[in-house]
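# Close look at the chain arrangement
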Amino acid sequence: MIADSVKNAWNVSDLRKKIGYTLLMFLIFRIGAHIPTPFIDRQILNQMFGTGAMMNFMDTISGGSFKNLSVLALSITPYITASIILQLLTIVLPSLERLSKEGDYGRKKITQYTRYSTVVLGFIQAFGLTFGIRSALMIPSPALKWPTYLLIALVMTAGTTFLMWVGEAITEKGIGNGISLIIFAGIVSRVPSAITSLWGMLRVGEINLFSIIGLILIVIFITAGVIYVQEGQRRVSVQYAKRVVGRRVYGGQSSHIPLKVNQAGVIPVIFAISLLAFPQQIATWVPTSGFSQFVTKWFSMNGQLTSIPYLLVYGVLIIFFTYFYTSITFNPVDVADNLKKYGGFIPGLRPGRPTAEYLSKILSRITLAGGLFLALIAVLPTLVIGLTGLKNIYFGGTSLLIVVGVALETMKQIESQLMSRHYQGFMK
C-alpha cells in the first residue's frame, strides 16, 4: 500500500517536484553533517564524549554530527526549545495570546520570534558546548583563546540557523513537516552504522544472538504499537438539525468528530528529549564538579538501575507535553461553537458549554491513554536495551517512535494530496 502511494505520488508532477525537493534538502543536510568545525582535535573529542546512551542519542538525532562536532552539531534542538518557550509564553502572556489569534499575521509574527529565539539559544548552547570541550581545541596562541571560542560558537550557530531554514523550506515547498523530517533523516542515516556495529559486537562475542532477537522483537512491537495508537480515534457522533429554506430542506445528516488517541503525534517525545538535553550539556561544561557526577550517575540513560530517575522524569515530561500540545491543536470550546453555528449537536447534549465540557472530558481521557503509551514505549525499551548489554546501539523506543510517527504523518500528507488531485466529484 505504501509502495503504491509513493508510486502514484511520483506519477503526479507537482508531488514529484515536492518529493524531489525534500530529497535534495536531505542531501544538503547530510553533506553539512560531514563538514567539520575548525580548531577541533578529533581524538581528544572522542575520548571526552565517550559512549554514553545520551551522547549516542544526541548523535543519532543529529545524524552523526554531534560526536564529530560538525557545523550542524546542535542539529535542530535550539529551534525545538525556542518553540516550546514561545508556546508556553503564548499561554502566560496576554499579548502573545492575542497575537496567536490574529490569523496568518499573528502566526507569522510568532514564527519570527521563534527564529530570533533559535539564534539566541543556539549561540548560548554553542558557546557553552565550546567552553565545555575547550581542552579538545587546537588554539593557535593564548591571545586567540576567546576569539577561537567565539568563532566556533558562531559557526555552530550558523549551522543551526541554516538547518532551521532547511526545515522551513521543506515544510513550504516539500512534503511533510520539515523539522520532524530533519530529525527523521538524522535517525535513519545512523541505521547502517548501527547494523554494522551490531554485527561486529556479535562476531567478537560482546552480545549474543538472543539479545539481537530481543531487539528485533522490541522493534516490531514498537512499530506495531505506534501505528495502532496513531491510527486509533474516538468518533463522537454529531447530528445536524434540519432547516427549511423556501422549498428546500437542508441538514438532517449525521456525522462524527474524530478525536485521535494521540493528537500530538511524536512532538511530546521530541520536546521532552530537548529539555532533558540541558542538564547533560551543562554537565559537559563542568566535567569535574559534583553536578556533573550527579547527572552522569542519576540523570542519564546509562543502562543501569541508576537511570530510573531520568526515565521517570522523561516519562512525566512526555505525558505533560502530550496534554500541552493537544490543548493547543484542539480547542473543545471552538469546536462546540462551530457546531452550534452550523446547527450541529451531539445527541443528548445541549449545544455550547455542555458540548465543550463533554468533548474536553473525552479528550482528557484518551489523551492520558496516548501519553501513557508514548511514555511506556519511549522509556521501557531504553531500559531493557541498556540492561541487555546493547549500550552502544541506541536505536530504541524513542528513535523508533519518531521514525514511525513521522513516516505515518508524511504518508498521510502524500495520500491526502493524491486524493485532492484524483477526486473528480460531481463535475462530470
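To be clear, the structure that these remarks concern was listed above.
Attention in this report is confined to the structure presented alongside it.

### Regarding the overall build of the protein chain
Assigned secondary structure in the protein chain consists of 18 helices and five strands. Within the protein chain, residue pairs in contact and separated by at least 24 positions form 72% of the contacts whose partners lie at least 6 positions apart. Element-wise, carbon and sulfur atoms account for 65% of the exposed surface of the protein chain, whose accessible area totals about 22,200 Å².

### Section: unusual backbone geometry
Despite not being glycine, Phe 39 has its phi angle at roughly 65°, a positive value. Tracing the backbone through its elements, the reader meets Phe 39 in the loop between helix 2 (13-32) and helix 3 (42-49). Even without being a glycine, Ser 75 presents a positive backbone phi close to 55°. Residue classification places Ser 75 among the buried positions, given a relative accessible area of 3%.

### So, helix 2
For helix 2, which comprises 20 residues, the first-to-last C-alpha distance of 29 Å matches the rise-based estimate of 28 Å (1.5 Å per residue) to within 8%. Buried within helix 2 we find Leu 15, Ile 19, Tyr 21, Thr 22, Met 25, Phe 26, Phe 29 and Gly 32. Axial view of helix 2: buried residues confined to an arc of 155°, hence all on one face.

### Examining helix 8 (residues 103-132)
Its 30 residues give helix 8 an end-to-end C-alpha distance of 43 Å, which sits within 8% of 44 Å, the value for a rise of 1.5 Å per residue. Turning to helix 8, its buried residues number three or more, namely Gly 106, Ile 110, Thr 114, Thr 118, Leu 121, Gly 122, Gln 125, Ala 126, Gly 128, Leu 129, Thr 130 and Gly 132.

### Concerning the nonpolar core
A general feature of soluble globular proteins is that nonpolar side chains tend to end up buried together. Core analysis: the biggest nonpolar cluster contains 60 residues, and Ile 76, Ile 80, Ile 183, Tyr 314 and Ile 318 have the highest contact counts within it. If we ignore the near neighbours within four places in the chain, the residues touching Tyr 314 are Val 269, Ala 272, Ile 273, Leu 276, Ala 378, Val 379 and Thr 398. Leu 129, Ile 133, Ala 153 and Met 156 belong to the second-largest nonpolar core, a separate cluster that totals 15 residues.

### What to know about the sheet that holds strand 5 (residues 344-345)
Pairing is antiparallel in the open sheet, where three strands are placed in the order 4-1-5. On the outer flanks of this sheet lie strand 4 (254-260) and strand 5, each paired with one strand and no other. Across two bridges, strand 1 (residues 233-240) lies against strand 5 in antiparallel orientation. Within the sheet, the bridge partner assigned to Tyr 240 lies in strand 5 and is Gly 344.

### Here we look at the packing of aromatic side chains
Applying the stated criterion to the full structure yields 12 aromatic pairs. Relative to Tyr 149, the ring of Phe 131 has its centre 6.3 Å away and its plane inclined at 90°; by these criteria the two rings are edge-to-face. Pair noted here: Phe 131 is in helix 8 and Tyr 149 is in helix 9 (residues 145-173), with a separation of 18 residues, a long-range link. Judged by its relative accessible area of 30%, Phe 131 is partly exposed. Judged by relative accessible area, which is 4%, Tyr 149 ranks as buried. Geometrically, the ring pair formed by Phe 320 and Phe 324 is stacked, given 6.1 Å between the ring centres and 10° between the ring planes.

Parameters at a glance
Residues numbered from 1 in each chain as written. Predicted model: local features only at pLDDT ≥ 70, side-chain atom pairs only at ≥ 80, totals over all residues. Heavy atoms only, no water. Helix = DSSP H or I, 4+ residues; strand = E, 2+ residues; numbered from the N terminus. Contact = heavy atoms within 4.5 Å. Areas by Shrake-Rupley, 256 points an atom, 1.4 Å probe, with all protein chains shown as cover. Buried < 20%, exposed > 50% of the residue type's maximum accessible area, 1.4 Å probe, protein only. Expected span 1.5 Å × (residues − 1). Arc of directions from axis to C-beta. Core = buried A, V, L, I, M, F, W, Y, C linked by side-chain atoms within 4.5 Å. Pairing = 2+ DSSP bridges. Phe/Tyr/Trp six-rings, centres within 6.5 Å; stacked < 30°, edge-to-face > 60°.

Such coordinate-based values are descriptive only and should not be taken to indicate function.
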